[in-house]
Structures are given as structure tokens and as C-alpha cells.
Amino acid sequence: MAFRKAVKGTALIGGGAIATVFGLSQFSQYRNKHGALVQVEAAEDVPVKNHLPTREQQILALQTTTEFDVLVIGGGATGCGCALDAATRGLKTALLERYDFSSGTSSRSTKLIHGGVRYLQKAIMKLDFEQYRMVKEALEERAYVLQSAPHLSAPLPIMLPIYKWWQLPYYWIGIKLYDLVAGSQCLKSSYVLTKSRALELFPMLRKDKLVGAIVYYDGKEFDVRAKCVINATGPFTDSVRKMDDEEVPNICQPSAGVHIVMPGYYSPDNMGLLDPDTSDGRVIFFLPWEKMTIAGTTDSPTDVTSHPIPTEEDINFILSEVRNYLGADVEVRRGDVLAAWSGIRPLVTDPNSKDTQSISRNHVVTISDSGLVTIAGGKWTTYRAMARDTIDAAVQEHNLKAGSSKTMGLRLEGARDWSPTLYIRLVQDYGLESEVAQHLASTYGDKAFEVAKIAQVTGKRWPIVGKRLVSEFPYIEAEVVYGVKEYARTAVDIISRRTRLAFLNVQAAEEALPRIVDIMGKELNWSEQKKKEELETAKKFLYYEMGYKVKTDQLTDSSEISLVPSDIERYKKRFHMFDKDKKGFITILDVQRVLESISVQIAENTLHEILNEVDLNKNGQVELNEFLQLMSAIQKGHVSGSRLAVLMKSAEENLRRRAAIPVDRSGGGV
């Protein structure tokens, strides 16, 4: 994981990360699901030490190395791919990343390694050979990813619902051409489903007018000197190019892509959905991911920023498109959006093309007069091919002594001894829950045993080890410790890239933060002030970048209360069961008193969190008007899963059951 020290050593720094590689024949590459890095093995058999160098050792290595062959700027998928390609060719390589690895666009994708079926349609309709070549390359690279990281990737059938008879042959021909272009790399042949079979596999689908479906598969400052500098900074491509030449024209046209995550019951566990023609001509994917459902993406012009924010407009657009394909009996609620994020897609124009205004969906490699090599555009699926082309250009331009690319066929770290049944050994050998064991196996591959070894004893009969960070997700405390060893340096690193809590459920991520900060504080010797700062920074990240703000905006001081009089009276009675003194508000003491009367205990910190979700003016109490706004928002589907609403309803029902029931005595009854 992360970067591994080989014969002559490596260095990496997370959180303003810097990695140096000294002619390695073993190097590290991003894990697709988590921002951590995984080792890739080259053909040469080189002994590798089983421990990672410290941050201080890495900095020393950077300071004392006279000159590198290649210096890569940017630690996303493409940048790490370039460093991997260079290192496995025997080039002395360094990589620099200002935040965490995969902290930008690379961690905010659709989580789908695919060829690009919509680009094939454009290639055919417009006779565009460049689009065809891009799809062909992407399908070849898709096969490589499945081979090199079987524990991280797997084929996923994607359903294309058909609601008009003429579309059936039209899309069937298109998807069959997709299979044909894939050739020997075709995962599984596409096929047609009848209406009944489509509904059997995807019961949430809208039934009316459904004709059938087609299914296809996709899967500290100091100087560092280098002979060649590679710019792999994604949306920040032009910023680095202008450091080299202020007069150079921009080639990057950033586009924002928003995704949302909804509960898993919105989609089957093993079937995705493709909307090929949305209301504004875009494509929407609807996919099972980490036992949740991910939907996206949008595609709209944006400014370049390190902290993109999802908008309510984009979220509602995705929800609207989802409603078009799901049955009327499935209520698609705004309140079911558990997380939302925006990623910046670095679309580029090719400066070497005759039409410099035309956006290229393929990647572009350019070399400036000073020799700066820039790799821009492309997508996750083709990172290896992008890296190969970039290092080829660097070797030729700077006369570097290196052979051809050696990355095709390399297996990522964790893949060597992985098997689909590896998780069983984790359960049997360590006493982990089955769900946790499956998660570790599919995340770390055969390195899951290293995480299991440091898992804490629970003190329970079962599971024996593996304390969860939050009850509903399989992430355990040991992963925080392991993440620190892999150079996680902030709480955001853990909740977003060493685990995916922030991307799956912002409230669950917030609940896990105090424990995560405590563990990291112990591992990194943080002061109490530092722990407080990390907690606040992570909460700010969740609030703005992961959709918590747009979620909480659904319940504001100005929210309209649209309840019928009978509902208002019913909710007032429920509220006054807690507000016995008729104060017009309830506090944590009121809630504790009611809970004690029904023999229910909830930790005080948890109660504070529950009330804070509804306390709009943040005065430490929930007023009657705030409670009515909450219930109104729940009825409209704008809010779901409110812990306070559930708690108060449950307490009301419990109190009613405990009320005295009069009994008529007769016939000598006692």
C-alpha cells in the first residue's frame, strides 16, 4: 500500500504529498475505490522491504538527491500512472502532490471503468475516427484494470431500458458494435431482455410503456531538480503551464460533474442503469456502489477550484432523471440524498489540432519550448495509456535512457494472492464479522491481513476483533491506523479516501469524526488544539463539499409549513409530551426525562447531535415552529431519516402503551 521502499528507497509525503522513486522496479498506483496507493510489480524480481519510510526519511531523500530524471506534478490517477510508468522503466522519479493522493477529480468520478458507449455513438453518427480510437483504447485499458486489480474491480451489467419499439433495434445495434469494438476484451456479450425479465432484475423500473431492455457490461520548501518535469494536474493544467510561459493560451475547459448517493434500495445489488438521452441530452448512470446507489453525472462549465461544491440545481436535475425511470410506487425523495459531490472534469482543446476550439474527449500530450511535458484530458479508465504516452514523449524530448513501457500486465499490490474467498480466512483466522472481512478483502486484497492484525479486540463474544467506526458501515478503527501508515495526514484523508464514509453518508461521516480524530491524534501526536482544528476542518469539508449544506438547506428558518390542521394538532401533542412545562421549546434535559420514563438510554453527546440537526438558530433548543417545519419537510420528502422525528414518535407510542387501561371487575374478579 502507499509507496513501498524497494532496493534504493522511496519517499512519499501525504497531505502536501511528495513521492520520490529511485529507479524502482516496483511502484505504487492508486486504488480505484480508495485514495490509498497500491504497489505494482514489474517483470524484474526485486526484493522489497515490508515497511514504509517515515515522512522525515522521505523529505531527507528529496533534499539530498542531486537530480531526478522525471519530476511529476500531480498525484491523481494520471500523475501516479506517469510516475509508475517512469519508475518501471528504470528512471529516477519523483512525484509531488499538494494535498492528498486522489484528493481532486480522481476521487470524485462515477466509479465506473468503462469504454464510453456514448462516444461510440458519436463516432458512428459523425464518422469521427478520433472518437472511435478513444473508445477502442478505453476498452483495452478496461480489460487491463480488471486483470491488474481483480480485488478492486469487477464486471457490472448495465441495463438500458427501452420505452419505444423503434429504439430496440437502434440501441441493440449500437451496443453490439460496442461488443465488437471490444473484440477479445469484451467482458460478456450484451443481450436483450423482455419487459417481464427486465422488471424482475430491476423491479424499481417504471413499468408503463416499457418495451424491454438491453444489458451490456462495463467495468516545506526546498528545491527539487529534475531533467524533465511532467504537468499532470488535471483542472489546474493551465496554471502550471503559465508558470512555464505566461503567454501560453489556455487549453483546459473545466466542466463540473455532480454525483449523488442514495440508499441501496433504489437499485439492485448487481445491476446498473443507463439513461442514454436525458432531458437536456446528457447521459446519466445509476449504479450500485458500496451497498448504496450512485447517480450522475452532470456536465456544466465551471471555474477551477480546489473545493468544488454541488448545487441544489444539479442534485434536483439528477433526481428528476431518476424519477423518469423508476416506477410510480417508488417515491424518489430529496431527503434520501445521503451525500453529493462535484468533481471538475478537465476537458481540453488540442493546441496541435487545426480546430483549437474543439473539445477533445481523448487525452492530449504537449511539450512547451522549455521542455515542460503536459498531459491533459482523458479519463480514469485510460490512465495507464495516458501515462505511457506521456513518458514516451518525455523520453524522446529529453533523451532519457529508458526502454518501452512495462506497465501492461502489472498487477497492483493486493492482487497477487487475492481470491474471491479470501475473506473467509479473515473471518476464521481473526474473528472478524463477515461483512467487515468482505470489505477488507475487496479493498486491500491480500494486504487485508495487515489491517486485521492491528484490529482491536471488541470484548464481545462476536466479532472477536474489529471495532466499527459507525454501526451501519464495515469500516473499522484499524483502518485509521493503517491509513496513517499509508501517509494519511488529515481527518479528511480518512473519511474521504482511506474510507469512503464522506461519499456514502455525510451524517455517518460526521458521527465517526471524533473517534477518527482521537485515533489519528494518538498516532501523530496531535495536541488538543490540533485535534480541534482537524475536527472543524473536516466538518467544513462535509458541509460544503459533500452536500451537507444543501441537505440542511432543505430545513431552514424560512421553510414553509404546509401541514393540514389535523396534522398540526397531532404534532403539537407529540411535542408537548416532551415540553411538559409549555415553554414552547425542548432541550436535551426534556428529551432525557422522557427517555428515562420509558427506560431508554442514549448518550448525552448523541442527544446533542440529534437536537442540533433540527436546531435551526443554533440556540441549544428545538422550538415548536422548528419541529413543525421538520415534520412538514418530512411529509414533502425533502428530509428523511431525521433521528429526532423517529425518536419522538417512538417515545410517544411507548408512552401510550404504558398508559393505564381501566378494567371492569365482574364475577368475583380481583
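Starting from 1, residues in each chain are numbered consecutively following that chain's sequence as written. Totals for whole chains, interfaces and linings use all residues, but because this is a predicted model, local features are given only for residues with pLDDT of at least 70 and pairs of side-chain atoms are given and counted only at 80 or more. Excluding hydrogens and water, the side-chain values take into account all heavy atoms of the structure.

Going by what an unreviewed UniProt entry lists, the protein is known as Glycerol-3-phosphate dehydrogenase and is assigned to Willisornis vidua. Per UniProt, the protein carries the Cofactor (unreviewed entry) text "FAD". UniProt positions are given in the numbering used here, feature names are shortened, and annotations may be inferred rather than shown by experiment.

S.K.: Could you give an account of the overall build of the protein, naming the residues involved and the relevant values?
M.R.: Helix and strand assignments follow DSSP, with helices taken as H or I runs no shorter than four residues and strands as E runs no shorter than two, numbered in order from the N terminus. From N to C terminus, the protein includes 23 helices and 21 strands. Remark: exposure states derive from per-residue accessible area (1.4 Å probe, protein chains only) relative to the maximum for the residue type, with buried under 20%, exposed over 50%, and partly exposed in between. Looking at the protein as a whole, 56% of its 670 residues are labelled buried. Only the protein chains shown count as covering a residue, and every accessible area follows the Shrake-Rupley method with a 1.4 Å probe. If you sum the accessible surface of the protein, you get close to 29800 Å²; carbon and sulfur atoms cover 51% of it.

S.K.: An account of helix H22 (residues 624-635) is needed here, citing residue identities and associated values.
M.R.: By this rule, a helix spans an expected 1.5 Å times one less than how many residues it contains. Its twelve residues give H22 an end-to-end C-alpha distance of 17 Å, which sits within 8% of 16 Å, the value for a rise of 1.5 Å per residue. H22 sits mainly inside the fold: nine of its twelve residues count as buried. Among all positions of H22, only Leu624, Glu626, Phe627, Leu628, Gln629, Leu630, Met631, Ser632 and Ala633 are buried. Next to the buried residues of H22 lie helix H19 (565-578), strand S21 (622-623) and helix H23 (643-658). Just downstream of H22 lies Gly637, where phi reads positive at about 85°. Residue contacts are counted whenever heavy atoms from the two residues lie within 4.5 Å of one another.

S.K.: Explain the UniProt feature "domain: EF-hand" (unreviewed entry) in the protein to me, using residue names and the numbers behind them.
M.R.: UniProt annotation of "domain: EF-hand" (unreviewed entry) refers to residues 566-601 and 602-637 when read in the numbering used here. Across residues 566-601, helical content stands at 64% and strand content at 6%; the span's end C-alpha atoms are separated by 32 Å.

S.K.: So what's going on with the pattern of salt bridges? Which residues, and what values?
M.R.: Each salt bridge in this description consists of a side-chain nitrogen of Lys or Arg and a carboxyl oxygen of Asp or Glu lying within 4 Å of one another. Counted by the stated rule, this structure contains 24 salt bridges. Glu477 serves as the salt-bridge partner of Arg515, at 3.0 Å between the closest nitrogen and oxygen. Of the two residues, Arg515 sits in helix H16 (residues 506-524) while Glu477 sits in helix H13 (residues 477-485), which places them 38 residues apart along the sequence. The class for Arg515 is partly exposed, based on a relative accessible area of 35%. With relative accessibility at 11%, the residue Glu477 sits in the buried group. A salt bridge links Glu652 to Arg574; the nearest nitrogen and oxygen atoms lie 2.8 Å apart. Of this pair, Glu652 sits in helix H23 while Arg574 is found in helix H19, placing the two residues 78 residues apart along the sequence. Owing to a relative accessible area of 3%, Glu652 belongs among the buried residues under this scheme. Because the salt bridges share partners, they merge into one network encompassing Lys291, Glu433, Glu435 and Arg468.

S.K.: Describe the side chain of Thr293, listing the residues and the values that go with them.
M.R.: Mapping Thr293 onto the fold places it in strand S14 (residues 292-296). With sequence-adjacent residues up to four places away left out, Thr293 is seen in contact with Ile260, Val261, Met262, Pro263, Gly264, Tyr266, Ser267, Phe286 and Leu287.

S.K.: Pulling in residues and values, what's your account of a nonpolar patch on the surface?
M.R.: Patch membership requires over 30% relative accessible area and the absence of a salt bridge. Like charges are linked within 9 Å, and nonpolar side chains (Val, Leu, Ile, Met, Phe, Trp, Tyr) within 5 Å. On the surface, Val457, Trp462 and Ile464 cluster together into a nonpolar patch covering about 300 Å² of accessible area. Tracing the backbone through its elements, the reader meets Val457 in the loop between helix H12 (448-453) and H13.

S.K.: I'd love a proper account of the nonpolar core, names of residues and values included.
M.R.: Only buried residues count toward a nonpolar core, which is a set of Ala, Val, Leu, Ile, Met, Phe, Trp, Tyr and Cys residues joined through side-chain atoms within 4.5 Å. Ranked by internal contacts, the top residues of the largest apolar core, which has 48 residues, are Phe473, Ile495, Leu501, Ile516, Leu542 and Met546. When residues in this core are grouped by element, the largest group, nine residues, is from H16. Here Leu501 is in contact with Val470, Phe473, Tyr475, Ile495, Val506, Ala508, Ala509 and Ala512, once residues within four sequence places are set aside. Ranked by size, the runner-up nonpolar core spans 29 residues in total, among them Leu199, Ile284, Ala295 and Val332.

S.K.: Break down the packing of helix H20 (residues 588-597) against helix H21 (residues 604-612) for me, citing the residues and quoting the values.
M.R.: A fitted line through C-alpha atoms serves as each axis, taken over the contacting stretch for helices, and the angle formed by two N-to-C directions is quoted from 0 to 180°. Contact pair H20 / H21: the axes reach a minimum separation of 10 Å and the direction vectors enclose 120°. As far as their axial angle goes, H21 and H20 are oblique. H20 and H21 meet at a crossing whose hand is right-handed. Packed against H20, whose contacting residues are Ile588, Val591, Gln592 and Leu595, the element H21 presents Glu604, Leu607, His608 and Leu611 at the interface. Should an angle fall under 35 degrees it is taken as roughly parallel, and over 145 as roughly antiparallel, whereas 65 to 115 is taken as roughly perpendicular and any remaining angle as oblique. Throughout, a crossing is termed right-handed when the near helix is turned clockwise from the far one, and left-handed when it is turned anticlockwise from it by less than a right angle.

S.K.: Just give me the short version of a negative patch on the surface, but keep the residues and values in it.
M.R.: On the surface, Asp244, Asp245, Glu246, Glu247 and Asp369 cluster together to form a negatively charged patch. Position of Asp245 among the secondary structure elements: in the loop between helix H7 (237-244) and strand S11 (252-262). Within this scheme the basic residues Lys and Arg register as positive and the acidic residues Asp and Glu register as negative, but His and the chain ends are omitted. For charged residues, the charge sits on one atom: NZ in Lys, CZ in Arg, CG in Asp, CD in Glu.

S.K.: If you had to explain the confidence of the model for the protein to someone new, which residues and values would you point to?
M.R.: Residue-level confidence of the predictor is what pLDDT reports, using numbers from 0 through 100. Of the residues in the protein, 77% reach a pLDDT of 70 or more, and the chain-wide mean stands at 78. Contacts of residues 1-49 to residues separated by more than four positions or lying in other chains number 222 contacts, the stretch itself having pLDDT below 50. Every residue in residues 660-670 scores below 50 in pLDDT, and together they form one contact with partners more than four places removed in sequence or on other chains.

S.K.: Explain unusual backbone geometry residue by residue, including any values.
M.R.: Here the bond from Trp462 into Pro463 is cis, since omega is -5°, no more than 30 degrees from zero. By the secondary structure assignment, Pro463 is in the loop between H12 and H13. Although it is not a glycine, Asn399 sits at a positive phi angle of roughly 55°. Topologically, Asn399 is positioned in the loop between helix H9 (383-398) and helix H10 (422-430). Positive phi values are uncommon outside glycine, yet Tyr487 reaches one of about 75°. As for its placement among the helices and strands, Tyr487 is situated in the loop between H13 and helix H14 (491-498). Tyr487 gets classed as buried once you look at its relative accessible area, which sits at 2%.

S.K.: Which residues make up the environment of Lys522, and what values do they have?
M.R.: With respect to the helices, strands and loops of the structure, Lys522 is situated in helix H16. Counting along the chain gives 41 residues from Lys522 to Val481, while the straight-line C-alpha distance between them is 9.4 Å.

S.K.: Mind laying out the packing of aromatic side chains, listing which residues take part and the relevant values?
M.R.: Two rings from Phe, Tyr or Trp (for Trp, the six-membered ring) form a pair when their centres sit within 6.5 Å of each other. Planes less than 30 degrees apart are called stacked, planes more than 60 degrees apart edge-to-face, and all others tilted. Throughout the structure, instances matching the rule amount to nine aromatic pairs. Where Tyr430 meets Phe449, the ring centres are 6.3 Å apart and the plane angle is 45°; that geometry is what we call tilted. Note that Tyr430 is positioned in helix H10 and Phe449 in helix H12, a separation of 19 residues in sequence. The exposure class of Tyr430 is partly exposed, given its relative accessible area of 23%. With 6.5 Å between their ring centres and 25° between their planes, Phe473 and Tyr475 make a pair best called stacked. Here the two residues Phe473 and Tyr475 agree in accessibility, since each one is buried. Aromatic ring contacts, followed pair by pair, group Trp289, Trp341 and Phe503 into a single cluster. Lying over the aromatic face of Phe585, Lys583 brings its terminal NZ or CZ to 5.3 Å of the ring centre. Only when the NZ atom of a Lys or the CZ atom of an Arg is both within 6 Å of the ring centre and within 35 degrees of the ring normal do we say a charge sits over the ring.

S.K.: Give a description of H9 that names residues and reports values.
M.R.: Between the first and last C-alpha of H9 there are 22 Å, a value that for 16 residues agrees with the 22 Å anticipated at 1.5 Å per step. Listing the buried residues of H9 in full gives Tyr383, Arg384, Ala385, Met386, Ala387, Thr390, Ile391, Ala393, Ala394 and Val395. Asn399 sits one or two residues past H9 and shows a positive phi near 55°.

S.K.: Explain the pairing of S11 residue by residue, including any values.
M.R.: Among the eleven residues in S11, ten count as buried, and that is most of the element. Bridge analysis of S11 against strand S16 (residues 339-349) gives ten bridges, and the strand direction is antiparallel. The partner of Gln253 across the bridge, within S16, is Leu347. Following DSSP output, two strands are said to pair if at least two bridges run between them. Note that S11 and strand S15 (residues 300-301) share two bridges and pair antiparallel. Bridge pairing links Ala256 to Ser300 in S15. When S11 meets S14, the two strands line up antiparallel, connected through four bridges. What sits directly across from His259, in S14, is Gly296.

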